[in-house]
Number of protein chains: 2
Amino acid sequence: MSLDDPRINAIRTDGDPPGCGPLRSARPSSSLPLRQRIYEKVRSAGRISRAALAKDLEVSPGSVTPVVSDLLATELLCELEDVGQTGARGRPPVTLAVRADRALVAGLKVSDHEYSALLVDLAGQPVARATLPRAAESRSVPRLLDDVAELYARLLATAGDGPPVLGAGLGMPGMLDHASGRMRWSPIMAERDVDLAVCVSERLGIETSVDNDANLLTMAELWFGKGRALSDFAVVTIEYGVGLGLVVDHAPYRGAHGHGMELGHTKVQLDGALCRCGQRGCLEAYVADFALVREAAVALNGEIPPRGEVLEALFAQAKDGNAAARAIFDRAGRYLALGLANVANLFDPNRIILSGSRMRYDFLYAEEMLAEVPGLTLNDPPPIEVNAWDDFVWARGAAALALSDLTPRLLA
Amino acid sequence: MSLDDPRINAIRTDGDPPGCGPLRSARPSSSLPLRQRIYEKVRSAGRISRAALAKDLEVSPGSVTPVVSDLLATELLCELEDVGQTGARGRPPVTLAVRADRALVAGLKVSDHEYSALLVDLAGQPVARATLPRAAESRSVPRLLDDVAELYARLLATAGDGPPVLGAGLGMPGMLDHASGRMRWSPIMAERDVDLAVCVSERLGIETSVDNDANLLTMAELWFGKGRALSDFAVVTIEYGVGLGLVVDHAPYRGAHGHGMELGHTKVQLDGALCRCGQRGCLEAYVADFALVREAAVALNGEIPPRGEVLEALFAQAKDGNAAARAIFDRAGRYLALGLANVANLFDPNRIILSGSRMRYDFLYAEEMLAEVPGLTLNDPPPIEVNAWDDFVWARGAAALALSDLTPRLLA
């Protein structure tokens, strides 16, 4: 079955185009100052009147007025006349909007073979994009910083003259802690425990946040994608490993220590297959690249292709009817179904969104795999969608991260 | 190793006594009307001034004043003078408090062998308690309603004259949906899909909410226990099965469909041991009563004790050095460690609180089991505590549920 198979398309949905509507806040509003709640409410509404703002935030109009006046005076909000409508005293009603052109933020994504970048305005609308190939030897931090600086220069050159860039978000696979800005480990980097946010901020001259792939995807879904209408959803991504992002009550859930949701290292068999993390029985040890490659020698009759081409060869053999090769993908698919079922059993999300560049190994995402899930969940599982974002989804998520982190600084 | 072993006590903590301090709100305040946010803030603070209230809620004092005046006029709040202190103009400062004696709520718990009940005031202070033995034949809804009515009558008789009882919470093991009030299935009931909240409400003449055991324990931890100081924690309980309750940002997380967090039915082995739910490889199928009893015949040399005494006999044999009996508890302990590790891997909670009447089978909770957890988590696991509540913990959780659900009605 190929990805063009209509049976697959039936369960796959495309991401909304970027900037297709209002943004929502990335954090529960209860913990935020009124100034920020007002600004984010205006941004999420697109256009809103003062009266509706006070009503939606459940505060008195009197407490909204001075804050809005200040945000107008500092040009963070602007007033728009709703031409064609009639308000009080026969004049067009005036609504508030975010001054989108006041500043820009950059979203930067590092993957094994490519860098991608997006520049968006304060309303989240993309204004420029850029890419840069990534060499296999770019595994050191100095080389990474050189590459990121070149990527960023390309992005600025594409954008031309414009408002200032006030912040950036950078994402890569691995264990990146958003709160501390540290890259603890990444499969595409040689160093460990690097203050990556500090290094990149200094190199680019703009405040930069970092996060891992799964959280970038989650931010992209939350701000631009299928998750906008949902309060509670899960994003599962398969690249080097199996990542999970969670949204609870419209906000990304990062755990108590920012460790990320390590779905890939949940144990699905006691004393099971050895994982790269050194433990046994992890879901990743049955689903990730290295797990499939491990068994490839058997299926390929000992004819091992050059490093980097094993998985493609195995996939081709499986499509050509090699039963052993097919069995490898089948088992991986069943374990993936088990992982998705465990997410459904534990979180009861509104939806599970399955995303990642591995989608070309479509055995993993075939209807057969998805059909296994209900037999592994106690209740009916939520809809599971395969979301076919373009390659810029990561950069888009990084830009959402940057906007989310810029807002308190912008309003300070 | 017994539960009195100091090595066990080192990791076990006792629940705080009931009513030992302020209560916190059970829902994130952002989604609540200002009137409720004010009332719940006063309740959670115990005593608070108007100025501190406005500051904590980040609203203007002007918007607090009329709401407080109304809550004072309707006797939901009261004013107290802080005698001994001096406020503005030389008079003692005035603080606000909840009128705790305006009404009571009841917490009711059904377990296999006993009913327990607690009456608490609007500040959560217990004023009466009652118990009633439960006969094995009480598996029908009419019989349950008779029993609950008798339990409630006992509770009221113990309390004597007092303020009106305005609501109740009722909990039992199984699949109970708090939002719809339905009992979908319970291991101690014959019927399925019963509108239990409606039935109990009509029989007792008071509005009653229902919830499952794990959520009751979670509410008890959140309102009265170890969870009061924590923003994100997990409660794992073993009774008939393995239950999980989650608190995210100080509020119980119930999932998108109220299905509950089915940790017991997460799959820990593909095509593994058969579970009561009909699926294979569930954590429960390795940890719960029935899983231990299934293997008992081997360990007990075919000398099967009467039904209901198998686990006790197996436990006695394990303590007496029967290696096969010990192996049964050892494996269950390892699987429990795996389940706890998966909770840590996925949720990254501040703490995991382990609770439930099974604590007497202390092999499961021994240091050896807890020592397994770090080898099964990618990051350092959070502290895991065994919380030795008394038998009224369930009723206390049910009372917290009732208070939480009463508040909007009280303020309407």
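Residues numbered from 1 in each chain as written. Chains lettered and ligands numbered in written order. Predicted model: local features only at pLDDT ≥ 70, side-chain atom pairs only at ≥ 80, totals over all residues. Heavy atoms only, no water.

## Things to note about unusual backbone geometry
Under the convention used in this document: In this description a helix means any DSSP run of H or I spanning at least four residues, a strand means any run of E spanning at least two, and both kinds are numbered starting from the N terminus. Each residue gets one of three labels from its accessible area relative to the maximum for its type: buried under 20%, exposed over 50%, partly exposed in between, using a 1.4 Å probe on protein chains only.
Backbone geometry places Asp193(A), a non-glycine residue, at a positive phi of 50°. Along the chain, the position of Asp193(A) falls in the loop between β9 (182-185) and α6 (196-204). We note that Glu75(B) has phi near 60°; this positive angle belongs to a residue other than glycine. Inspection of the secondary structure assignment puts Glu75(B) in the loop between α4 (61-73) and β2 (77-81). A residue is classified by how much of its surface remains accessible, and Glu75(B), at 40% relative accessible area, is partly exposed.

## Considerations on the interface of chain B and chain A
Convention followed: Any two residues having at least one pair of non-hydrogen atoms within 4.5 Å are treated as being in contact. As used here, buried area is the combined drop in accessible area, with a 1.4 Å probe, of two parts when they are placed together. When a carboxyl oxygen of Asp or Glu is within 4 Å of a side-chain nitrogen of Lys or Arg, the pair counts as a salt bridge.
Contact residues are listed per partner, giving 54 residues for chain B and 54 residues for chain A. Summed over both partners, the interface of chain B with chain A buries about 4700 Å², with 55% contributed by carbon and sulfur atoms. The largest per-residue losses of area from chain B upon contact with chain A belong to Leu270(B), Leu346(B) and Asp348(B), which jointly make up 16% of the total buried on that side. On the surface where chain B and chain A come into contact, there are two salt bridges.

## A look at the sheet that holds strand β10 (residues 208-212) of chain B
All names here are of chain B. Spelled out, the test is: Two strands are said to pair when DSSP picks up at least two bridges between them. Fitting a line to C-alpha atoms yields each axis, with helices limited to the stretch in contact; the angle taken between N-to-C directions then spans 0 to 180 degrees.
Across the sheet, five strands lie side by side as β6-β5-β4-β7-β10; this open sheet has mixed pairing. At either end of the open sheet lies a strand with only one pairing partner, and these are β6 (126-133) and β10. Averaged over all pairs of adjacent strands, the angle between strand axes in this sheet comes to 15°, irrespective of strand direction. As judged from the six bridges shared by strand β4 (residues 104-110) and strand β7 (residues 165-172), these two strands associate in the parallel manner.

## As for the relation of the copies chain B and chain A
Keep this limit in mind: A residue counts toward the fit only if its pLDDT is at least 70 in both copies, and the copies are then superposed by least squares on the C-alpha atoms of those residues.
Overlay of chain B on chain A (RMSD 0.1 Å): rotation 180°, translation along the axis 0.0 Å. In short, the pair behaves as if placed about a two-fold rotation axis. An overlap of 100% is found between the interface residues of chain B and their copies at the interface of chain A, pointing to a shared contact surface.

## Thoughts on the pairing of strand β10 (residues 208-212) of chain A
All names here are of chain A. Within β10, five of the five residues are buried, which leaves the element mostly enclosed by the surrounding structure. Neither face of β10 is exposed, since Thr208, Val210 and Asn212 on one face and Ser209 and Asp211 on the opposite face are all buried. Strand direction decides the pairing type here: strand β7 (residues 165-172) and β10, joined by five bridges, are parallel. Looking across to β10, one finds that Gly169 is bridged to Ser209.

## Quick notes on the pattern of salt bridges
One pass over the full model with this rule turns up 35 salt bridges over all chains. A salt bridge links Arg143(A) to Asp147(A), with the shortest nitrogen-to-oxygen separation between them at 3.5 Å. Of this pair, Arg143(A) and Asp147(A) both sit in helix α5 (residues 141-159), four residues apart, which is roughly one turn of the helix. Residue Arg143(A) is classed as partly exposed on the basis of its relative accessible area of 31%. The exposure class of Asp147(A) is buried, given its relative accessible area of 8%. In this structure, the salt-bridge partner of Asp101(B) is Arg99(B), at a minimum N-O distance of 3.0 Å. Residue Arg99(B) is classed as partly exposed on the basis of its relative accessible area, which comes to 24%. Through salt bridges with shared partners, one network takes in Glu75(A), Arg99(A) and Asp101(A).

## Structural notes on the sheet that holds strand β6 (residues 126-133) of chain A
Residues and elements named next belong to chain A. One open sheet accounts for five strands, arranged β6-β5-β4-β7-β10; its pairing is mixed. What marks the edges here is a single partner per strand, and that holds for β6 and β10. Strand-to-strand twist across the sheet, computed as the mean angle between neighbouring axes with direction ignored, equals 15°. Judged from the seven bridges that link them, strand β4 (residues 104-110) and strand β5 (residues 114-121) form a sheet pairing that is antiparallel.

## Digging into helix α3 (residues 50-57) of chain B
Residues and elements named next belong to chain B. Keep this limit in mind: Directions from the helix axis toward the C-beta atoms define the arc.
Leu53, Ala54 and Leu57 are the residues of α3 that are buried. Taken end-on, α3 shows its buried residues confined to a sector of 95°, consistent with a single buried face. Relative to its buried face, α3 has exposed residues pointing more than 90 degrees away, namely Ala51 and Lys55. For α3, the secondary structure elements touched by its buried residues are α2 (34-45), α4 and β3 (94-98). Count one or two residues on from α3 and you reach Glu58, which has phi positive near 55°.

## Quick word on the environment of Gly162(B)
Among the secondary structure elements, Gly162(B) is positioned in the loop between α5 (141-159) and β7. Separated by 35 residues in the primary sequence, Gly162(B) and Val127(B) place their C-alpha atoms 9.7 Å from one another.

## Some words on the pairing of strand β14 (residues 351-355) of chain A
All names here are of chain A. In terms of burial, β14 is largely enclosed, as five of its five residues are buried. With burial as the criterion, each face of β14 is covered, one bearing Arg351, Ile353 and Ser355 and the other bearing Ile352 and Leu354. The sheet contact formed by strand β11 (residues 233-238) and β14 spans five bridges and is parallel. What sits directly across from Phe233, in β14, is Arg351.

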